[in-house]
Amino acid sequence: MVANQTTAKGKTGKDLAPLPEIPEKRYFSISEAALLCGVRAHVLRYWEQEFPQLSPLKRKGNRRYYQRHDLLLARQIRALLYGEGYTIHGARERLQEMMRAPRGEFREESHGQLNLEMTDSSVSVIEGRKRWQYLRRELSALLDLCGHRH
């Protein structure tokens, strides 16, 4: 089956309902993640098996804790599967292709597909700056966890 093959009904995708904004929290339970991604919890668990990039933290009792980057990835998977009509296999390949692309060489189409909650031009400069500051703090915390600080 071709990655972006049309579905049995002949559609390549459809408009998806808008998703709520992701709160500024570090960790989300699977039920919170499901609500924020517009899917049910069992769908997220299935996607974890099918998409190696989606791997939330697991703690005591095998409880899942999703971080912001996990939610953004799950939203991207949702957009590929439900919005653009990709198959699981095609969506997996598309995500790998997007992650392999050199940073400066994202085509405008790929950049738009990432949909990092900046889809609307009505986002104020102040709001955009707050989001970037949050992302910088999160990335810094991730680097600390990985031991890449000098």
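Quick caveat: nothing in here was measured; it's all calculated off a predicted structure.

Q: When you look at the nonpolar core in this model, what are you seeing that I'm missing?
A: Generally speaking, a soluble globular protein has its nonpolar side chains buried in company with each other. Ranked by internal contacts, the top residues of the largest apolar core, which has 24 residues, are L44, W47, F51, L54, Y66, L71 and I77. Residue assignment for this core shows that the elements contributing at least two residues are α1 (30-37), α2 (41-50), α3 (68-83) and α4 (88-100). Here the element with the most residues in this core is α3; it accounts for seven residues. Discounting chain neighbours no more than four positions away, the residues touching Y66 are R26, Y27, F28, S29, I30, A33, L44, E48, L54, P56 and L71.

Q: Please clarify how the side chain of E48 should be interpreted in this entry.
A: You can see E48 is positioned in helix α2. Contact partners of E48, with chain neighbours within four places excluded, come to L54, P56, K58, R64 and Y66.

Q: In this structure, what is going on with the environment of Y134? I would like to understand it.
A: Relative to the helices and strands, Y134 is located in helix α6 (residues 125-146). Linking Y134 and E24, residues 110 residues apart in sequence, is a C-alpha distance of 7.9 Å. Once you skip the residues sitting within four places of it in the chain, Y134 turns out to touch E24, K25 and R68.

Q: Explain the packing of aromatic side chains to me, please; I cannot follow it from the model alone.
A: Two measures describe an aromatic ring pair: the distance that separates the ring centres and the angle between the ring planes. By the definition in use, this model includes one aromatic pair. When the centroid spacing of 6.1 Å and the interplanar angle of 45° are considered together, the rings of W47 and Y82 count as tilted. Separated by 35 residues along the polypeptide, W47 in helix α2 and Y82 in helix α3 bring together distant segments of the chain. Judged by its relative accessible area of 35%, Y82 is partly exposed. In this arrangement the basic side chain of R59 is found over the ring face of Y27, its NZ or CZ atom lying 6.0 Å from the centre.

Reading guide: rules and limits
Residues numbered from 1 in each chain as written. Predicted model: local features only at pLDDT ≥ 70, side-chain atom pairs only at ≥ 80, totals over all residues. Heavy atoms only, no water. Core = buried A, V, L, I, M, F, W, Y, C linked by side-chain atoms within 4.5 Å. Buried < 20%, exposed > 50% of the residue type's maximum accessible area, 1.4 Å probe, protein only. Helix = DSSP H or I, 4+ residues; strand = E, 2+ residues; numbered from the N terminus. Contact = heavy atoms within 4.5 Å. Phe/Tyr/Trp six-rings, centres within 6.5 Å; stacked < 30°, edge-to-face > 60°. Lys NZ or Arg CZ within 6 Å of the ring centre and 35° of its normal.

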